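# Coordinate analysis (summary)
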Amino acid sequence: MIVEPAQRTRQTSEYYFSVKLAEVRALLAQGHDVINLGIGNPDMMPSAPTLNALQSSAQQPQAHGYQSYIGTPAFRQGIADYYQKTYNVTLDPAKEILPLIGSKEGITHISLTFLDPGDEVLVPELGYPAYRAVSQMVGGVVKEYPLLETQGWQPDWEALAGLVTPRTKLLWLNYPHMPTGAPATVELFEQAVAFALKHRVLLCHDNPYSLVLNKKPPISILSVSGAKDVAIELNSMSKSHNMAGWRLGWMAAAQPYVEAVLKIKSNVDSGMFLGLQEAAVAALQNNEQWHAERNAVYEGRLEAAETLLKTLGCTWDSTQEGMFLWGKLPESTQSAEELVNTLLVQQHVFIAPGFIFGPKGQRYVRVSLCTPKERIWEAVERIRSKS
Ligand SMILES: Cc1ncc(COP(=O)(O)O)c(C=O)c1O
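This structure is a prediction, so every number in the text was calculated from the model and none was measured.

## A closer look at the domain arrangement of the protein chain
Domains assigned within the protein chain are domain 1 (8-45 + 288-386) and domain 2 (48-283). Computed from C-alpha coordinates alone, the two centres of domain 1 and domain 2 are separated by 25 Å. At the junction of the two partners, domain 1 supplies 35 residues and domain 2 supplies 34 residues. With both sides pooled, the region where domain 1 packs onto domain 2 buries about 3000 Å², and carbon together with sulfur makes up 58% of that total. Connecting domain 1 to domain 2 are two salt bridges. Among the salt bridges present, the one from Lys-360 reaches Glu-125, with a minimum N-O distance of 3.1 Å.

Set out below in structure tokens:
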């Protein structure tokens, strides 16, 4: 390379799945039938009205121009209605919602908006890798707070208070938790809001899994009294509406937070295609039965995924929510990385090693439920036949 990339590229490595899925593609290209249980990429269809709305919108001559930076009024109203019906949270559609091109980009916009170089960010370890990567990219200092199996993968608020300094600006939280499947609870959210108010840190709650295999009614951090003073919630249609490739998400927060993020975001991209927004409005109206049917399919895959974990000698917690099974490796397995690589190369089965979500994941693996159960059973057979 004649021109050196910026310093920030040295702190960041390419996203694990970006590298690993290239290996999967290479195996597929060689004619191997790889069963991919690695990523949370829903394999089911969006609802029929969603697809119809996209199709009819795309036929309209006026649908193809630039769109507003803050989304159409109908999309924001659709999100507000969805928050009311799903979480019993009232949002002002004109002021408290900002559509995003998937919630992942929201992590970057929020970090760019609120972090100055040297500001400290409390990041869960274990957690979604983007919180850490993006905080570092924008010059923030990552302070990891441990999530331990012995504490139900929930934060220890006293220990967290010990990490707070005058430079602490932001706290990332995500329940139902990925990758452990630990559920959200009202008590946890109340503690989080109280913590954020006391220490004057921005609480960013990432909520993409609340409707997937949830055992209790879904909750939003914004349902806690006082939350709007100090919290932003990211939400997404990727998992809950089978629309991961459509890149549809949003942030919900009080007006000043939305306006601050819009200042950054409107300089980075433009409003999303009208067809996507009109389809999203339809999808947000999917009824409870639609969500229950999707969950029933995931539920029907659990037995196969549990058997897979059992075949590997893993143990797991059956209270998990979300679209994954998080399993603890037996003592006899030396290394998750070696196991995952062997499974991929020899059995052509891909599962995710836990360490990609943080060092505390060294002794774990994650199996995705986003593959038909017959294929998961086939993976079980392949592993059984070679072990
Ligand atoms: C915890 C968590 N947050 C955010 C995302 C990103 O979702 P989106 O597709 O909305 O960008 C994911 C995706 O896997 C996730 O697991």
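## Topic: the site of the ligand
The environment of the ligand is made up of 14 residues, and the closest members are Asp-206, Tyr-209, Ser-236, Ser-238 and Arg-247. Taking Arg-247, its side chain carries an N or O atom lying 2.7 Å from an oxygen atom of the ligand. The class makeup of the residues in the shell around the ligand is five nonpolar, five polar and four charged.

## Here we look at empty space enclosed by the protein
Applying the stated criterion across every chain yields a total of two cavities of 30 Å³ or more. As for the largest cavity, its lining consists of 15 residues, of which Tyr-69, Pro-99, Lys-265, Ser-270 and Gly-271 are closest to the centre. Of all the secondary-structure elements, those providing two or more residues to the lining of the largest cavity are β2 (97-100) and α10 (255-265). Its residues assigned to classes, the lining of the largest cavity shows seven nonpolar, six polar and two charged. Volume-wise, the second largest cavity comes out at about 40 Å³. Lining the second largest cavity are Pro-176, His-177, Met-178, Pro-179, Gly-181, Tyr-209, Glu-321, Gly-322, Met-323 and Phe-324. Residues belonging to the lining of the second largest cavity are distributed by class as follows: six nonpolar, three polar and one charged. Among the domains, domain 1 (8-45 + 288-386) and domain 2 (48-283) are the pair contributing at least three residues each to the lining of the second largest cavity.

Definitions and cut-offs
- Residues numbered from 1 in each chain as written.
- Predicted model: local features only at pLDDT ≥ 70, side-chain atom pairs only at ≥ 80, totals over all residues.
- Heavy atoms only, no water.
- Domains from an automatic or database assignment.
- Contact = heavy atoms within 4.5 Å.
- Buried area = accessible area lost by both parts, 1.4 Å probe.
- Salt bridge = Lys/Arg side-chain N within 4 Å of Asp/Glu carboxyl O.
- Near = heavy atom within 4 Å.
- Polar contact = N/O pair within 3.5 Å; in protein donor to acceptor, adjacent residues only side chain to side chain.
- Nonpolar A, V, L, I, M, F, W, Y, C, P; charged D, E, K, R; others polar.
- 1 Å grid on protein atoms, 1.4 Å probe; cavity = no way out; pocket = protein on both sides within 12 Å on 5 of 7 lines; lining within 4 Å.
- Points joined across faces, edges and corners; volume = space filled by probe spheres on them.
- Helix = DSSP H or I, 4+ residues; strand = E, 2+ residues; numbered from the N terminus.

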